[in-house]
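# Descriptive structure summary
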Amino acid sequence: MNPVDDLTKSSGTEAGSCPSAASVDEFEAFVVTSPRSWERPIVGLIVTVLAYVALIALLGGRAHLGGDTGSRAAVLRSVDTGEHAHFDVGYFALDADPDLSLHPLYYTQLLDGRAQQVSTVPMVWLARPLYRLGGESLTLALPMLGAIAAAFAASALARRLGAPRPMLAYWIVALASPVTIYALDLWEHTLGLAAGLWAIVALERPVTERLSVARAIGVGALFGVGTTLRTELLVIGAVFGGAAVLRRVVDQRHGDAVRCAVGGALGAVAVWVANDGFERIVLGASLRTARAGDAASRAGSSLVDRVDDAWVTFAGLNYADVGFDRALAGSFVLGLVVATVAASRHQRFVVGAGVVVASGAIAWRLAGGLSFLPGLVVVLPLVVVGLVAGLGERRTRALTLTSAVAFVAIWLTAYSGMPGAQWGGRYLFVPGVVLVVVATVTAVGRGFVGKVAMVLGAVVTLCGLLYLRVRIDEVSRAHDAVSDYEALEVDLMVSRLPFLWRDLGSQYSPDRAWLTAVDDEGVAEAARLANDRSDDVVVVIREAEEPEDVLPGFEAIVEDPFPWIGRNLVAVLYLADKAGAEPGV
């Protein structure tokens, strides 16, 4: 007989009911003394670090999921290492373009008289000394630490909920989830996730246990720290904090409710004020406060677009045919839902059918080639299992409902645009991982569906690692092509794609003559700048299907294919329309 069943029977706790304090103590004692080595935290820590280091080595020391990561690399390469603690990335054409409208690193802002390319000050600030010591590879220690902290938070939450094997949540989050991918990328997601999850762990205590002011302030501070890294933590903190207050009000523990609300608010505000001051010192302006206010102002806007973005970030497969994408992703989600419901009713045939449908949908998509998989549940199928199974048990119902509300709140306020260019619905990570924990408590150790969902997630994560390798190779090819043009004495290179130079951020330097012109007006302005500089040779990189650009004062001579990730691009070479000019190409 399962020893967990023995513990349950000896404590008089029925399946699906909330365990008593005594039974929880017995259960935790069982886990701690378990002889299985994979359940020991120190083993988890060592194996995870070794796995991450090995993956970083296999990926060549860098793994850029997109332009945001590349821009951080550009900042770290070009940041002033002298007396000034700012993030100036420089600009070779600053005199001719003082508004930075053509700056190669899209979204570069003119702050305090400097060209600053930064979305999160703490992350880049922490990465600077690591970059000086060991280059881009060593900076990945930050997301790795965030991923490990998030995985341990998942394990702690699983233990609080009475999971039979709480370290299972650790292994899933650390090595078989989107967190694995983001642990290898210089981004803030894992650190923000860790802060949010540990705050939820601190909140997830019996409502009969008195909540001290110090703990409430600590919870608020954790959510505040998460907000400085990821803007969506603002609404996540509001949802989970509000749910904790509501539970105490319903239980008529009004003193605890007040302490939870006031203490949490004080902790969060203290962190925000400190971060705002830090940003003003470093950048000369407040950055995160403006981003949070912008997120709040977007709530409820463009409802049709938001519904579409919500589906893409939840279950999108990134098929060009939108209808087929929705049908295939819908069949995947429906298959898991049906299988999970049928498992609770012991309907084996229906469980098998649901699993076959879900697995077939994933297999079909993966057979179509490696690319971004933007849907959270596609990359982490246990979210669906946790969402369905968690509603069926008393001990997980409140947390499951809170996570569902958090999904909706994020969809209403998150940045809207290009949701397909991400891996695994990154805005939804915190409630998503909470539901993974719920799945480990309610389903994974009990039946076939949870185990299948866990394996599917591991397979997709492996495909994500392979895709990272593909991206690295393609970006390297693109940089080689750019270097070849520059070696042929091309004077100026213009990208019509907003994020091309950001993706090549590891090779950016302020003196490289790169521009980004996203519209026809920008191209005309780039041509004017080239004429003012007396440039003879200009290359414009654009989509092959787009009409040829007109550069006043230049004539298009040659059009060559340009390597890029899943895109059909061309590089068009223009010569200055000057009599007798002999370009060096």
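### Points about the pattern of salt bridges
According to the stated counting rule, one finds 22 salt bridges in the structure shown. In this structure, Arg567 and Glu543 form a salt bridge, with 2.3 Å as the shortest nitrogen-oxygen distance. Here Glu543 lies in strand E5 (residues 537-543) and Arg567 lies in the loop between strand E6 (554-562) and strand E7 (569-576), a separation of 24 residues in the sequence. Where salt bridges share partners, they join Arg496, Asp520, Arg542, Asp549 and Glu559 into one cluster.

### Some details on unusual backbone geometry
Positive phi outside glycine occurs at Gln252, with the angle close to 60 degrees. Mapped onto the secondary structure, Gln252 falls in the loop between helix H11 (233-250) and helix H12 (254-283). Taking the relative accessible area as the measure of exposure, Gln252 reaches 65% and is therefore exposed. The phi dihedral of His346 is positive, around 60 degrees, even though this residue is not glycine. Counting through the fold element by element, His346 comes out in the loop between helix H15 (322-344) and helix H16 (348-367). Of the residues examined, His346 reaches a relative accessible area of 69% and is grouped as exposed.

### Here we look at the pairing of E7
Counting buried residues in E7 gives eight out of eight residues, a clear majority hidden from the surface. Neither face of E7 is exposed, since Leu569, Ala571, Leu573 and Leu575 on one face and Val570, Val572, Tyr574 and Ala576 on the opposite face are all buried. Inspection of the sheet shows E5 paired to E7 by seven bridges, in the antiparallel sense. If you follow Val540 over to E7, its bridge partner there is Val572.

Procedures and definitions
- Residues numbered from 1 in each chain as written.
- Predicted model: local features only at pLDDT ≥ 70, side-chain atom pairs only at ≥ 80, totals over all residues.
- Heavy atoms only, no water.
- Salt bridge = Lys/Arg side-chain N within 4 Å of Asp/Glu carboxyl O.
- Helix = DSSP H or I, 4+ residues; strand = E, 2+ residues; numbered from the N terminus.
- Buried < 20%, exposed > 50% of the residue type's maximum accessible area, 1.4 Å probe, protein only.
- Pairing = 2+ DSSP bridges.

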